[in-house]
Amino acid sequence: MSESSAEAVTTAATAAAASAGAFGGWRRATGIAGAAIGVIATGAAAGVAIERMTVGRGMRRKARLVLDSAGPYGALRGTPGKAYADDGTELYYEVDDLDPDPGATTPARRRRLFGRRPPAPVTVVFSHGYCLNQDSWHFQRAALRGVVRTVHWDQRSHGRSGRGAAQTERGEPVTIEQLGRDLKAVLDAAAPEGPIVLVGHSMGGMTVMAFADLYPELVRERVVAVALVGTSSGRLGEVNFGLPVAGVNAVRRVLPGVLKALGQRAELVERGRRATADLFAGIIKRYSFASRDVDPAVARFAERMIESTPIDVVAEYYPAFNDHDKTEALAHFAGLPVLVLAGVQDLVTPSEHSEAIADLLPDAELVLVPDAGHLVILEHPEAVTDRLADLLVRAGAVPAGTTVNGYGSTSDTARPR
């Protein structure tokens, strides 16, 4: 992105902050606020694709509607359940069970004589990222369906989970530690026994680290493998999001005030967000994907998930990332099969952060995917699912030679290191 583009975004954010003090100014500033929200939701400033500036707005709106109706992504559903966090927040999850193996039935007489319960199956628990929901794992869920028991859940205030009670009732900030406790509540409800594989993307990876920090004994007793995708163990305050130094410093100065102000005028800002949908879509594409040939339906799917995250939720979560530091928690994964995977061109959690994690876990498999951005799980699902399948085999979660639907072959876009 050019320096002038960065300056334009910074100016927009500053203008939104200045408008916050005057209620009347909000109506005039909705377009600016909408642009600033796009910056926030994807992690930083952005550029807009040239074609979006040259195609009619009505045509673009129709195209979005067509993609919404035609795209199959996010349509997978499992057995629903609810867990309750320690502050009372309702957490929604879904379970995809193993397909029963008719050849493994035990004769009735043996059941009477040796009436032990079969061991609990391995459960793979998927934790999603900031401004997304459990559907972001669509491709991995489709590939593993019936092969292994899986749990997909929505983090507090995301997807179908309830708004964070501590945030709405007591005004407490969201913390990564709270997300680790939320994961424990989901495990207690959805996978109370048996081995566990923890898989986290972006903020979901941070959630997994926080869980390990809080419950090391559970990691020792039950966790048999871990996958950390496009995530970071800390130092997120140093990420420049592809901006020049002057631009990112300016954004960091104004962003806390902008977020606080926007969160207090959520309804009005959401209108501005809708009014700037085309700019917002360009921002999401830049900060989510690196490939030029991303399926438009996949790009629209990502856009819908991020659009569905209310601005006050975006504002609640943002400060938690600067405070996040779970470097020491990684030691709890030592000796376990671990997959660390990242897109080489990730601007939100740069691949250097994944390399830093792998440096602290020398037995981990580090996979860097070229031509991939932050949403590598959607952009190159075959690379992610292939390596995840290998991890499950190494952990004994599935037998060697198991066919993983659609993505069983080694991807040539992934480069293990």
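Cut-off values and rules
- Residues numbered from 1 in each chain as written.
- Predicted model: local features only at pLDDT ≥ 70, side-chain atom pairs only at ≥ 80, totals over all residues.
- Heavy atoms only, no water.
- Helix = DSSP H or I, 4+ residues; strand = E, 2+ residues; numbered from the N terminus.
- Buried < 20%, exposed > 50% of the residue type's maximum accessible area, 1.4 Å probe, protein only.
- Contact = heavy atoms within 4.5 Å.
- Areas by Shrake-Rupley, 256 points an atom, 1.4 Å probe, with all protein chains shown as cover.
- Axes fitted to C-alpha atoms, helices over the stretch in contact; angles between N-to-C directions.
- Parallel < 35°, antiparallel > 145°, perpendicular 65-115°, else oblique.
- Salt bridge = Lys/Arg side-chain N within 4 Å of Asp/Glu carboxyl O.
- pLDDT = per-residue confidence, 0-100.
- Arc of directions from axis to C-beta.
- Pairing = 2+ DSSP bridges.
- Phe/Tyr/Trp six-rings, centres within 6.5 Å; stacked < 30°, edge-to-face > 60°.
- Right-handed = clockwise from strand over helix to strand, strands pointing away.

Side note on the overall build of the protein
Then comes step 1: When you go through the protein residue by residue, the secondary structure sums to 19 helices and nine strands.
Then comes step 2: Looking at the protein residue by residue over its 417 residues, the buried ones come to 55%.
Then comes step 3: Contacts in the protein between residues far apart in sequence, at least 24 positions, make up 82% of those at least 6 positions apart.
Then comes step 4: When the accessible surface of the protein is totalled, it reaches about 18100 Å², and 53% of it is carbon and sulfur.

Quick notes on the packing of helix 9 (residues 176-190) against helix 10 (residues 203-214)
Then comes step 1: Axis separation between helix 9 and helix 10 bottoms out at 7 Å; the angle between their running directions is 80°. Taken as axis vectors, helix 9 and helix 10 run roughly perpendicular relative to one another. Between helix 9 and helix 10, the residues in contact are Ile 176, Glu 177, Leu 179, Gly 180, Arg 181, Leu 183, Lys 184 and Leu 187 and Met 203, Met 206, Thr 207, Val 208, Ala 210, Phe 211 and Leu 214, respectively.

A look at the pattern of salt bridges
Then comes step 1: For the structure on display, the rule yields 21 salt bridges.
Then comes step 2: Residues Arg 141 and Asp 96 are paired through a salt bridge, measuring 2.9 Å at the closest nitrogen-oxygen approach. Within this pair, whereas Arg 141 is found in helix 7 (residues 138-144), its partner Asp 96 is found in strand 2 (residues 90-96), the two being separated by 45 residues in sequence.
Then comes step 3: In this structure Arg 141 comes out as buried when scored by relative accessible area, which is 3%.
Then comes step 4: Assessed through its relative accessible area of 4%, Asp 96 is described here as buried.

Looking at the confidence of the model for the protein
Then comes step 1: In this model, the protein carries a mean pLDDT of 80, and residues with pLDDT of at least 70 account for 69%.
Then comes step 2: The model gives residues 1-55 a pLDDT under 50, and that stretch makes 96 contacts with residues more than four places away or in other chains.
Then comes step 3: Per-residue pLDDT stays below 50 along residues 102-113; that stretch engages in two contacts with residues further than four places along the chain or on separate chains.

A closer look at the environment of Gln 134
Then comes step 1: Relative to the elements of secondary structure, Gln 134 occurs in the loop between strand 3 (123-127) and helix 7.
Then comes step 2: You can call Gln 134 buried: its relative accessible area is 1%.
Then comes step 3: Considered as a pair, Gln 134 and Arg 160 are 26 residues apart in the sequence and their alpha carbons are 9.1 Å apart.
Then comes step 4: Excluding residues that lie within four positions of it along the chain, Gln 134 makes contacts with Arg 77, Tyr 92, Tyr 93, Glu 94, His 128, Arg 141, His 152, Trp 153 and Asp 154.

What about helix 17 (residues 351-360)?
Then comes step 1: Of all the residues in helix 17, the buried ones are Ser 351, His 353, Ser 354, Ile 357 and Ala 358. One face of helix 17 carries all of its buried residues, which in axial projection span an arc of 155°. Exposed residues lying more than 90 degrees from the buried face of helix 17 are Glu 352 and Asp 359.
Then comes step 2: On its buried side, helix 17 packs onto helix 10, strand 6 (223-229), strand 7 (338-343) and strand 8 (365-369).

Description of unusual backbone geometry
Then comes step 1: One non-glycine residue, Cys 131, adopts positive backbone phi at about 65°.
Then comes step 2: Take Cys 131: it is sitting in the loop between strand 3 and helix 7.
Then comes step 3: Despite not being glycine, Ser 202 shows a phi value in the positive range, around 55°.
Then comes step 4: Along the polypeptide, Ser 202 turns up in the loop between strand 5 (196-201) and helix 10.
Then comes step 5: With a relative accessible area of 7%, Ser 202 lands in the buried category.

Examining the pairing of strand 1 (residues 79-84)
In the case of a regular strand, side chains alternate between the two sheet surfaces.
Then comes step 1: By the bridge criterion, six bridges tie strand 1 to strand 2 in an arrangement that is antiparallel. Within the sheet, the bridge partner assigned to Pro 80 lies in strand 2 and is Glu 94.

Focus on the environment of Val 122
Then comes step 1: With respect to the helices, strands and loops of the structure, Val 122 is situated in the loop between helix 6 (108-113) and strand 3.
Then comes step 2: Ignoring anything within four residues of it in the chain, the contact list for Val 122 reads Val 148, Arg 149, Pro 195, Val 197, Val 224 and Ala 397.

Considering the packing of aromatic side chains
Then comes step 1: All chains considered together, the criterion is met by six aromatic pairs.
Then comes step 2: Aromatic pair Tyr 73 and Phe 139: ring centres 5.3 Å apart, planes at 50°, arrangement tilted. Taken together, the positions of Tyr 73 in the loop between helix 5 (57-70) and strand 1 and Phe 139 in helix 7 put the pair 66 residues apart, joining distant regions of the chain. Side by side, Tyr 73 and Phe 139 carry an identical accessibility label, which is buried.
Then comes step 3: Put simply, the rings of Tyr 73, Phe 139 and Phe 301 pair up and form one aromatic cluster.

Things to note about the pairing of strand 7
Then comes step 1: Of all six residues in strand 7, six are buried, a share of seventy percent or more.
Then comes step 2: Here strand 7 shows no split at all, with Val 338, Val 340 and Ala 342 on one side and Leu 339, Leu 341 and Gly 343 on the other all buried.
Then comes step 3: Pairing of strand 6 with strand 7 involves four bridges; the strand directions are parallel. Along strand 7, the bridge assignment pairs Ala 227 with Leu 339.
Then comes step 4: On the question of chirality, the crossover connecting strand 7 to the parallel strand 8 by way of helix 17 is right-handed.

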